[in-house]
Amino acid sequence: MVAQNNAVFEEASETLYKLNQNDEVRYLCEMREEGQRILRTYQSLIRQGEEKLAQRDTELAEKNAELAQRDTELAEKDALIAELQEQIKALQK
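A few words on the overall build of the chain. From N to C terminus, the chain includes two helices and zero strands. In terms of C-alpha radius of gyration, the chain reaches 39 Å, well past the compact-globule figure of 12 Å for 93 residues. Within the structure as shown, the chain displays about 9000 Å² of accessible surface, and the carbon and sulfur contribution to it stands at 56%.

Below is the structure:
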């Protein structure tokens with residue numbers, strides 16, 4: 001090869017190799033940083049979604065408690081209505 005026979009060509013090819021190697025390393029570092037940024041963005045979005053889900057779960061639990069309370073009140077009222085209907089039937093006889 002020409003570079004093997006000439007010291008100038010050999011030095012130039014080594015310099016080009018080193019410069020290209022630096023560009024490749026820089027490119028890989030940039031890609032790694034970009035990947036990490038994207039990962040942090042996704043992690044943030046997941047965390048926000050989990051917070052919203054937790055908030056909705058809390059709201060649902062509160063509404064379920066309210067519905068259970070209303071069910072209890074309705075059951076008490078149904079029992080009172082049934083008792084009053086029995087009293088009415090007893091008075092009609």
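From this point, things continue past the structure.
Right, let's talk about the pattern of salt bridges for a bit. Scanning all chains against the criterion turns up one salt bridge. Across the pair Arg37 and Glu34 runs a salt bridge whose closest N-O atoms are separated by 2.6 Å. You can see Arg37 and its partner Glu34 sitting in helix H2 (residues 7–92), three residues apart, about one turn around the helix. With a relative accessible area of 33%, Glu34 lands in the partly exposed category.

Here we take up the environment of Arg37. For Arg37, a relative accessible area of 40% translates into the label partly exposed. Along the backbone, Arg37 and Leu53 are 16 residues apart, and their C-alpha atoms lie at a distance of 24 Å. Here the side chain of Arg37 touches Glu34 through a polar contact of 2.6 Å, side chain to side chain.

Rules behind the numbers
Residues numbered from 1 in each chain as written. Predicted model: local features only at pLDDT ≥ 70, side-chain atom pairs only at ≥ 80, totals over all residues. Heavy atoms only, no water. Helix = DSSP H or I, 4+ residues; strand = E, 2+ residues; numbered from the N terminus. Rg over C-alpha atoms; globule rule 2.2 N^0.38 Å. Areas by Shrake-Rupley, 256 points an atom, 1.4 Å probe, with all protein chains shown as cover. Salt bridge = Lys/Arg side-chain N within 4 Å of Asp/Glu carboxyl O. Buried < 20%, exposed > 50% of the residue type's maximum accessible area, 1.4 Å probe, protein only. Polar contact = N/O pair within 3.5 Å; in protein donor to acceptor, adjacent residues only side chain to side chain.

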